[in-house]
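So the chains spell out like this:
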Amino acid sequence: MLEYERDLWRRGIKLVAGIDEVGRGCLFGDVVAAAVVLPEGLEIEGVDDSKKLSEKKREELYPIIRERALGIGIGRVEAAVIDSINIKQAARLAMKKALQQLEQSVKPDYLLVDAEKVDSDIPQLAIIHGDALSQSISAASIIAKVTRDRLCLQWDVEYPEYGIAAHKGYATKAHREALLRYGASPMHRRSFLGNILNEQLELF
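Residues numbered from 1 in each chain as written. Predicted model: local features only at pLDDT ≥ 70, side-chain atom pairs only at ≥ 80, totals over all residues. Heavy atoms only, no water.

Some thoughts on the overall build of the protein chain
Right, on to step 1. Regarding its fold elements, the protein chain presents 8 helices and 5 strands.
Right, on to step 2. Moving toward the C terminus, one meets the helices and strands of the protein chain in the order α-β-β-α-β-α-α-β-β-α-α-α-α.
Right, on to step 3. Relative to its length of 204 residues, the protein chain is compact, with a C-alpha radius of gyration of 17 Å against a globular reference of 17 Å.
Right, on to step 4. In terms of overall dimensions, the protein chain has C-alpha extents of about 55 × 35 × 25 Å along its principal axes.
Right, on to step 5. Long-range contacts, defined as pairs at least 24 residues apart, comprise 63% of the intrachain contacts of the protein chain with a sequence gap of at least 6.
Right, on to step 6. Entry remark: accessible area of the protein chain is about 9700 Å², with carbon and sulfur atoms responsible for 49%. (Helix = DSSP H or I, 4+ residues; strand = E, 2+ residues; numbered from the N terminus. Rg over C-alpha atoms; globule rule 2.2 N^0.38 Å. Contact = heavy atoms within 4.5 Å. Areas by Shrake-Rupley, 256 points an atom, 1.4 Å probe, with all protein chains shown as cover.)

Here's what the structure looks like:
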């Protein structure tokens, strides 16, 4: 998990930021990205691609990463913007916002990004399946996932009819049925709904 980081450290590049996003495939809510710089040489046991970890394990690792990181940034892009610019560009924008917030505390020398290109002059490397290959990217994926899951709990209070707390906005059977019953909320990604549901929805 440190192969990429160790190569950079050996070359004298000390401040390496991992960047990842979550929520790309959801029907509801923001896409959320995180940028994380961990200290040189640090290895956190258990850090892995957030999708491979249980919710309990992610919650255990979240405070450890926050405590030990040199800096963390979070970026969010809401559903209306996703509909306006498409999800790929929205994910990139969320990553850029996460990096900008990170830079308020620490400016990285290099970026390791999960399969994307971030709008930045900082040298960077896009790594396919980076959240399973780089500890820095994995740490970012955990921070982003826990952040978004906690937002889902807040959104569930606002829109209880959709069951967001349970499925986190993904296109589960229960979520699709709720959409057909209640129509789309202001936080649903309208550009996603027709293709996935193949139904005529009342959008309001």
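Having put the structure on the table, let's press on.
Concerning the pairing of strand β2 (residues 31–37)
Right, on to step 1. Counting buried positions along β2 yields 7 of 7 residues, so the element is predominantly enclosed.
Right, on to step 2. The side-chain alternation of β2 yields two buried faces, one formed by V31, A33, A35 and V37 and the other by V32, A34 and V36.
Right, on to step 3. Where strand β1 (residues 16–22) meets β2, 6 bridges bridge the pair, whose relative direction is antiparallel. Directly across from V22, in β2, lies its bridge partner V32.
Right, on to step 4. Pairing between β2 and strand β3 (residues 71–77): 7 bridges, direction antiparallel. Residue pairing across strands places V36 opposite I72, the latter belonging to β3. (Buried < 20%, exposed > 50% of the residue type's maximum accessible area, 1.4 Å probe, protein only. Pairing = 2+ DSSP bridges.)

Thoughts on the side chain of R189
Right, on to step 1. Mapping R189 onto the fold places it in the loop between α7 (173–182) and α8 (190–197).
Right, on to step 2. Here R189 is buried and forms no salt bridge, its nearest opposite-charge partner D83 lying at an N-O distance of 6.7 Å.
Right, on to step 3. Polar side-chain contacts of R189 include one of 2.8 Å to the backbone oxygen of G23. (Lys, Arg positive; Asp, Glu negative; His and termini not counted. Salt bridge = Lys/Arg side-chain N within 4 Å of Asp/Glu carboxyl O. Polar contact = N/O pair within 3.5 Å; in protein donor to acceptor, adjacent residues only side chain to side chain.)

Some remarks on the environment of L61
Right, on to step 1. The residue L61 is located in helix α2 (residues 55–68) in this model.
Right, on to step 2. For L61, a relative accessible area of 2% gives the class buried.
Right, on to step 3. Residues L61 and I143 lie 82 residues apart in sequence; the distance between their C-alpha atoms is 8.8 Å.
Right, on to step 4. With residues up to four places along the chain from it excluded, the contact list for L61 reads I44, E45, G46, V47, L53 and I142.

Quick look at unusual backbone geometry
Right, on to step 1. Phi is positive for N86, which is not a glycine, with a value near 85 degrees.
Right, on to step 2. Inspection of the secondary structure puts N86 in the loop between α3 (79–85) and α4 (87–102).
Right, on to step 3. At K168, a residue that is not glycine, the phi angle is positive and equals roughly 60 degrees.
Right, on to step 4. Following the sequence through the fold, K168 ends up in the loop between α6 (164–167) and α7.

Focus on α7
Given 3.6 residues to a turn, an α-helix orients residues that are three or four positions apart in the same direction.
Right, on to step 1. Listing the buried residues of α7 in full gives H175, A178 and L179. Taken end-on, α7 shows its buried residues confined to a sector of 100 degrees, consistent with a single buried face. In α7, those exposed residues whose orientation departs by more than 90 degrees from the buried face are K173 and R181.
Right, on to step 2. In the segment just after α7, G183 is the residue with positive phi, at about 80 degrees. (Arc of directions from axis to C-beta.)

Points about the nonpolar core
Right, on to step 1. Counting residues in each nonpolar core, the largest one holds 55 residues, and the members touching the most others are I19, V36, I65, L111 and I143.
Right, on to step 2. A total of 9 residues in this core trace back to one element, the largest contributor, which is helix α5 (residues 135–158).
Right, on to step 3. Setting aside chain neighbours within four positions, we find L111 in contact with A17, I19, L99, V118, S120, I122, P123, Q124 and L125.
Right, on to step 4. Judged by nonpolar contacts, the second largest core, of 9 residues, contains L8, W9, L112 and I127. (Core = buried A, V, L, I, M, F, W, Y, C linked by side-chain atoms within 4.5 Å.)

Honestly, it's all geometry; don't read function into it.
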